[in-house]
Amino acid sequence: MAKKKNRKKKAKNLSNFNKKQLKKHILDIFYGDPQKTYNYKQLALFLGVKDMETKKLINVVLDELAENENLEQIQRGKFKLKSRGGYICGRVELQPQGFAHIISEEVDRPVLVSQRNLNHAMEGDKVRVYLYARRKKHQLEGEVAEIVERAKTTFVGTVERSKNYAFLVPVGKVGFDLFIPTEKLNGAKDGQKAIGKITEWPQKAKNPFGEIIEVLGDSGKNETEMHAILAEFNLPYRFPENVLKAAEKIPLDIPQEEIEKRRDMRDVTTFTIDPEDAKDFDDALSIRKIDKGVWEVGIHIADVSYYVRPNTILDDEAYSRATSVYLVDRVVPMLPERLSNGVCSLRPNEDKLCYSAVFHLNDEAEVLKQWFGRTLIHSNRRFTYEEAQDIIETGEGDLKDEVLTLQDLAVKLRGKRFREGSLAFDRIEVKFEIEEETGKPLAVSFKESKESNKLIEEFMLLANKKVAEFIGKAKNKKHAKTFVYRIHDRPDPEKLDNFNHFINKFGYGIQTTSSRAIARSMNSLMENVKGKNEQNVIETLAIRSMAKAEYSTRNIGHYGLGFEFYSHFTSPIRRYPDIMVHRLLERYLEGGRSANAQKYEDHCHHSSEMESRAALAERSSIKYKQVEFMKDKVGQEFPGVISGITDWGIYVELENKCEGMVPIRELDDDFYIFDEKNYCLVGKHSNKTYQLGEHVKVEIWRANIERKQLDFKLIEA
């Protein structure tokens, strides 16, 4: 009995915990009695969980632990710890010093593996690790027994050629160079960027042997560097010939028999609002008055699933890519341009096939009626965000009545959303003015989200939410059918506590008693810091305390939006999950059976992984352009704000959002200690501090384009 009491005490206030922490507590229970089986009700009792939301989360965690082979399901709903002996599975995180941490859900802390015991395991690899006997007051240690899954086998780098051999020096956190025999260079010259592949790695060899599979071009050239960034994250930059040919065969004309199957909405006023340089218009809005105080609003989405059919070359390619990739100077589309900018794009004055969500809204923006299905539309006008914004501000312009009515409804939808727990993070986006021929950055500006952007956002959120509710809210106590959700976990309580501790220094605070309280107080905080010196650092830290959104068939809701059900339905030209959602919705509208959950969960994992890679590539391209933009400013001084503190240096963000680092070894006036909880460096003897959010002046010291790295020297705090 004592054991049970301890567990309950340890896991108090679990209703505020997120999935990651709940997973840890559940594994603790199974490790405490490895032979015992538990169901979700028993676990809820042990953990003192009473709210339904967290009880549902326990079920999701059990499914995931079984899928990852931490647990086995003995019979329906009953789980037991899977016997593993002294082994665990996890992912490799290489450290700058050469050793690695293995991150695993099977243990409550990283496992230390020395460089000599990595046995050729690399960053991101999934490995099986043998755990050494635990020593008191020491961290967990072990050695890699098996590489279960390589994170990557191809690497991007710079060729360094000698007379009889060469090396490919990879970019990023790799920890080795590839030895390339001369006959395997494939024409690569010294100093060029290339893609290499490991061919073998003998047990006793320090470096793997490899071959060059593609030469990207001369280092420093814009085209080479952008292709190198894509290749670094295993993202394609061109379509195979057979995919382009398949796209070219798709006709622009719509067959009459298809028109007759659809709801014809060509007579309803319809328009698109997009960025000025957009070519793929994947959503349009329509509006008409139905009755006094009742409006029919249509959210019309390009019907990509009509053209991209399952088990075709086009579908295989779209699934493989899973997302369009947005680099600083280009878009690498998920679909060939024939589809993304032509056949599917909702261009003005053309009949187009759509998948639509049509709502009847009253003047208070309450949904009275909803309909989902396939439509035919005809866009009357293409607005840029700037043109729509002008109508909102002046009350004049084309289709002003329609635009202003939608704006009024959007404002009400937005207000209701925030009252019900949606978080308001308006992050500033960096935009570069690029010289077309050379790709050289000429200037940096910032993209600001205005009312016209928010108008579109609100109606897309409404469609995404209502589609997810339509499938996810099972009727008559039935199980909901398999669907693709966009989920967002609760924040990590420990990170939130640290964040709260930090903002107390500025006289702020947030409530952490419930999800709703966190959201309400966080929104209030964001409003209060607007225009203040500490705005950027507080917004950045607030976002870092949040979990990352992902795709899953196991719905846990979307914390950031405050929605119990949420999906991605509105961008199938650039996101594969939206195509899956369209197909599943069509299947269920026709009375079809529930789709295979595991198949779709695997698709969700893949889509989340590709989204993450695309985001890293986008950040890498921004970083490259920032360093390129600043390289001719070496020796100049700039004001900045401390944006990050680590035990190896201080990160400083300049007013133009370019970020660089002051290496800790350059702070030679004292020995500085990293205080992680208080986000600062503290001088051991002088007690001098460098605090996150502090204003400083720096000199641009070095600009290393190859490493995408800016180094600064501190002038004054």
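Residues numbered from 1 in each chain as written. Predicted model: local features only at pLDDT ≥ 70, side-chain atom pairs only at ≥ 80, totals over all residues. Heavy atoms only, no water.

*Asks:* I keep staring at the overall build of the protein chain and nothing clicks. Help me out?
*Replies:* When you go through the protein chain residue by residue, the secondary structure sums to 18 helices and 33 strands. In terms of overall size, the protein chain behaves like a compact globule, its C-alpha atoms giving a radius of gyration of 27 Å where 717 residues would be expected to give roughly 27 Å. In the protein chain, which comprises 717 residues, the proportion classed as buried is 50%. Taking as baseline every contact in the protein chain between residues at least 6 positions apart, the subset at least 24 positions apart corresponds to 64%. Accessible area of the protein chain: about 35600 Å², with a carbon and sulfur share of 47%. If the 116 positive side-chain charges of the protein chain are averaged to one point and the 113 negative ones to another, these points end up 8 Å apart. (Helix = DSSP H or I, 4+ residues; strand = E, 2+ residues; numbered from the N terminus. Rg over C-alpha atoms; globule rule 2.2 N^0.38 Å. Buried < 20%, exposed > 50% of the residue type's maximum accessible area, 1.4 Å probe, protein only. Contact = heavy atoms within 4.5 Å. Areas by Shrake-Rupley, 256 points an atom, 1.4 Å probe, with all protein chains shown as cover. Lys, Arg positive; Asp, Glu negative; His and termini not counted. Charge placed at Lys NZ, Arg CZ, Asp CG, Glu CD.)

*Asks:* What's the story with the sheet that holds strand β29 (residues 672-675) in this structure? I'm lost.
*Replies:* The strands making up a sheet associate through hydrogen bonds between their backbones, and the pairing can be parallel or antiparallel. The strand order across the open sheet built from 3 strands is β29-β30-β31, with neighbouring strands paired in antiparallel fashion. Both outer strands of the open sheet, β29 and β31 (689-691), are each paired with one neighbouring strand and no more. Strand-to-strand twist across the sheet, computed as the mean angle between neighbouring axes with direction ignored, equals 20°. Looking at chain direction, strand β30 (residues 680-683) and β31 are connected through 3 bridges and run antiparallel. Each residue of the ladder has a partner; that of Val682, found in β31, is Thr689. (Pairing = 2+ DSSP bridges. Axes fitted to C-alpha atoms, helices over the stretch in contact; angles between N-to-C directions.)

*Asks:* What is the right way to look at the packing of aromatic side chains in this model?
*Replies:* The description of an aromatic ring pair rests on the distance of the ring centres and on the angle between the ring planes. For the coordinates displayed, the defined rule picks out 21 aromatic pairs. Their ring planes at 75° and their centres at 5.1 Å tell us that Phe502 and Tyr679 sit as a pair that is edge-to-face. Of this pair, Phe502 sits in helix α14 (residues 493-503) while Tyr679 sits in the loop between β29 and β30; the two residues are 177 residues apart in sequence, bridging distant segments of the chain. Assigned by exposure class, Phe502 and Tyr679 land together as buried. Geometrically, the ring pair formed by Phe563 and Tyr566 is tilted, given 5.7 Å between the ring centres and 50° between the ring planes. Taken together, Tyr165, Phe167, Phe179 and Phe209 form an aromatic cluster joined through their ring pairs. In this arrangement the basic side chain of Arg262 is found over the ring face of Tyr306, its NZ or CZ atom lying 5.5 Å from the centre. Across the ring face of Phe418, the terminal group of Arg417 is positioned such that the distance to the ring centre comes to 4.9 Å. (Phe/Tyr/Trp six-rings, centres within 6.5 Å; stacked < 30°, edge-to-face > 60°. Lys NZ or Arg CZ within 6 Å of the ring centre and 35° of its normal.)

*Asks:* What am I meant to see in the confidence of the model for the protein chain here?
*Replies:* The predicted coordinates of low-pLDDT regions are not to be read in fine detail. Averaged over the protein chain, the pLDDT score is 90; the fraction of residues at 70 or greater is 96%. Between residues 1-12, whose pLDDT stays under 50, and residues either more than four places distant or in other chains, the model counts 15 contacts. (pLDDT = per-residue confidence, 0-100.)

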